[in-house]
Number of protein chains: 2
Amino acid sequence: MPRLWNDTIDAHRRAVRDATLDATAALVAEQGLTSVTMSRIAEKAGIGRATLYKYFPDVEAVLMAWHERQVATHLDHLTAVRDQGGSPAERLRAVLHAYAFMSRAKGNHSPGLSAVLHQGEHMARAHGHLRDFLRELLAEGVEAGELRDDVDPAELAGYCLHALGAATDLPSEDAVHRLVVVTLDGLRK
Amino acid sequence: MPRLWNDTIDAHRRAVRDATLDATAALVAEQGLTSVTMSRIAEKAGIGRATLYKYFPDVEAVLMAWHERQVATHLDHLTAVRDQGGSPAERLRAVLHAYAFMSRAKGNHSPGLSAVLHQGEHMARAHGHLRDFLRELLAEGVEAGELRDDVDPAELAGYCLHALGAATDLPSEDAVHRLVVVTLDGLRK
């Protein structure tokens, strides 16, 4: 098949996939997790049920794919924040701020959704990407003499991700800023 | 009824309840969460199904009660650690160590169990008790001039609990000690 045709098919597949994930996210937000079925997803996405089943075997698979897309979007955003320049410590501060605000926004998930997503290997893999991203940034800061060097950057990355998870429960943006300051103070030499 | 008779009934009820929760924990550990049914719990606990249903309406209620008992046990332990004496900062260090090691042990839970337990109001209440406990200890440290006073102790308590949650994934006891050091450094003046 000519390349152009393959490109067209790929673009079509991506569009169906994206429409499905968008529809699912909307359904969960509107009606809660337990009301989501393959039929409703297909209807909301404007595709046939048979088509939907060619892409995903069940609702859980759709939710996992949706979450993977969310994580990828977040990583893209954090990468853009990191690449805005400054010393390693400045870039780390900017990234931790961005991550804390993401954690806070995520707090609006229905608890049932987290329950589904936290099962199995899926979340471990998603968190692994985030941790690797932070570990590299932390290692640069250690290298530059800006951060503590008595703890492995991989362990510091775990500390950061967990500590900033506290943002989920925080009532104000000021409180999120304070949480980032406290978390960063744990990383100082 | 005479008081002694009431005491006997209370003791009996507590014994049945404890036996039920122990049996359930054992079943989850042996066979996984999905295999747990009211019939199997009753059999393992050595009581009749009808009796079990007088105490708990369903498996989820048993799991919640089991988790509440776990949290109460943990809080008792943390209280004992706190009351071993020392300055507020020393007692805080001891409590955070104890909590980090608890978090690490908890990591052995089946993920399905966390999923059930994390749903609804239940976990929020359980965490509320822990947070209050830590907030008081942190407030003492701030009062004594040993800890940072620019962030509300309630926010610092949330930071501590989340940060120490990173212990779940840590491979060694040394790594847990390092996590506690890093977390405490975030609390310094």
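Residues numbered from 1 in each chain as written. Chains lettered and ligands numbered in written order. Predicted model: local features only at pLDDT ≥ 70, side-chain atom pairs only at ≥ 80, totals over all residues. Heavy atoms only, no water.

As annotated in an unreviewed UniProt entry, chain A is AcrR family transcriptional regulator from Saccharothrix ecbatanensis.

## Notes on the overall build of chain A
Looking only at helices and strands, chain A has 9 helices and 0 strands in total. From first element to last, N terminus to C terminus, chain A shows the α and β order α-α-α-α-α-α-α-α-α. Relative to its full complement of 189 residues, chain A shows a buried share of 42%. If you take every contact in chain A between residues at least 6 apart in sequence, the share linking residues at least 24 apart comes to 65%. Carbon and sulfur atoms make up 52% of the accessible area of chain A, which totals about 9,700 Å². (Helix = DSSP H or I, 4+ residues; strand = E, 2+ residues; numbered from the N terminus. Buried < 20%, exposed > 50% of the residue type's maximum accessible area, 1.4 Å probe, protein only. Contact = heavy atoms within 4.5 Å. Areas by Shrake-Rupley, 256 points an atom, 1.4 Å probe, with all protein chains shown as cover.)

## What about the side chain of His97(B)?
Residue and element names in this part refer to chain B. In this structure, His97 sits in helix α5 (residues 88-106). Polar side-chain contacts of His97 include one of 2.7 Å to the side chain of His177. Sequence-distant contacts of His97, that is, excluding residues within four places in its chain, are made with His177 and Val180. (Polar contact = N/O pair within 3.5 Å; in protein donor to acceptor, adjacent residues only side chain to side chain.)

## Focus: the interface of chain B and chain A
Taken together, the contact pairs 25 residues of chain B with 25 residues of chain A. One can count 6 salt bridges joining chain B with chain A. The partner of Glu155(B) in a salt bridge is Arg178(A), with the nearest N and O atoms 2.7 Å apart. Inspection of the chain B/chain A interface yields 5 residue pairs in polar contact (both at pLDDT 80 or more). Mapped by element, the contributors of at least two residues to the side of chain B that touches chain A are α8 (153-164) and α9 (173-185) of chain B. At 7 residues, α9(B) tops the list of elements feeding residues into the side of chain B that touches chain A. Partitioning the side of chain B that touches chain A into residue classes produces 11 nonpolar, 7 polar and 7 charged. (Salt bridge = Lys/Arg side-chain N within 4 Å of Asp/Glu carboxyl O. Nonpolar A, V, L, I, M, F, W, Y, C, P; charged D, E, K, R; others polar.)

## So, α5(B)
Under the 1.5 Å per step criterion, the end-to-end length of α5(B) is 26 Å for 19 residues, consistent within 8% with the ideal 27 Å. Listed as buried for α5(B) are Pro88(B), Arg91(B), Leu92(B), Val95(B), Leu96(B), His97(B), Ala98(B), Tyr99(B), Ala100(B), Met102(B) and Ser103(B). (Expected span 1.5 Å × (residues − 1).)

## Topic: the packing of helix α9 (residues 173-185) of chain A against α8(B)
Look at α9(A) against α8(B): their axes get within 11 Å of each other, and the N-to-C directions meet at 55°. With respect to their mutual orientation, α9(A) and α8(B) come out oblique. Helix-helix and strand crossings are classified by hand; for α9(A) and α8(B) the assignment is right-handed. Of the residues in α8(B), those touching α9(A) at Ala175(A), Arg178(A), Leu179(A), Val182(A) and Thr183(A) are Glu155(B), Leu156(B) and Tyr159(B). (Axes fitted to C-alpha atoms, helices over the stretch in contact; angles between N-to-C directions. Parallel < 35°, antiparallel > 145°, perpendicular 65-115°, else oblique. Left-handed = near helix turned anticlockwise from the far one by under 90°.)

## Topic: the UniProt feature "DNA-binding region" (unreviewed entry) in chain A
According to UniProt, the feature "DNA-binding region" (unreviewed entry) maps to residues 37-56 of chain A in the numbering used here. Across residues 37-56 of chain A one finds 75% helix and 0% strand; the C-alpha atoms that close the span lie 12 Å apart. (UniProt positions renumbered as here; feature names shortened; annotations may be inferred.)

## Some details on empty space enclosed by the protein
It is a probe the size of a water molecule, rolled over the atoms, that shows where empty space is left. Applying the stated criterion across every chain yields a total of 3 cavities of 30 Å³ or more. Taken as a whole, the second largest cavity holds about 50 Å³ of empty space. Looking at the second largest cavity, the residues that line it are Leu170(A), Ala175(A), Arg178(A), Leu179(A), Val182(A), Val151(B), Glu155(B), Leu156(B) and Tyr159(B). Those elements that place two or more of their residues in the lining of the second largest cavity are α9 of chain A together with α8 of chain B. When grouped by side-chain class, the residues that make up the lining of the second largest cavity number 7 nonpolar, no polar and 2 charged. (1 Å grid on protein atoms, 1.4 Å probe; cavity = no way out; pocket = protein on both sides within 12 Å on 5 of 7 lines; lining within 4 Å. Points joined across faces, edges and corners; volume = space filled by probe spheres on them.)

## Things to note about the relation of the copies chain B and chain A
Of the two same-sequence chains, chain B is brought onto chain A (RMSD 0.0 Å, axial shift 0.0 Å) by a rotation of 180°. What we have between these two chains is a two-fold relation. Interface overlap between copies is the fraction of interface residues in one copy that are interface residues in the other; for chain B against chain A it reaches 96%, indicating a shared surface. (Least-squares fit on C-alpha atoms with pLDDT ≥ 70 in both.)

## Observations concerning the pattern of salt bridges
Summed over the entire model, instances satisfying the criterion amount to 22 salt bridges over all chains. Here Asp150(A) and Arg148(A) are joined by a salt bridge, their closest N and O atoms 2.8 Å apart. Across the salt bridge formed by Arg91(B) and Glu140(B), the nearest N and O atoms sit 2.8 Å from each other. Here the residue Arg91(B) occupies a position in helix α5, and Glu140(B) occupies one in helix α7 (residues 121-143), the gap between them amounting to 49 residues. Overall, the relative accessible area of 14% leaves Arg91(B) in the buried class. On the accessibility criterion, Glu140(B) (34% relative accessible area) is partly exposed. Overlapping salt bridges bring together Arg148(A), Asp150(A), Asp185(B) and Arg188(B) as one network.

## Here we look at the nonpolar core
Counting 68 residues, the largest nonpolar core has Leu187(A) and Leu187(B) as the members making the most contacts within it. Residues within four places of Leu187(A) in sequence aside, it is in contact with Leu92(A), Leu96(A), Leu138(A), Leu147(A), Arg148(A), Leu156(A), Tyr159(A) and Cys160(A). (Core = buried A, V, L, I, M, F, W, Y, C linked by side-chain atoms within 4.5 Å.)

## Considerations on the environment of Gln70(B)
Here Gln70(B) lies in helix α4 (residues 59-82). Given the relative accessible area of 26%, Gln70(B) is considered partly exposed.

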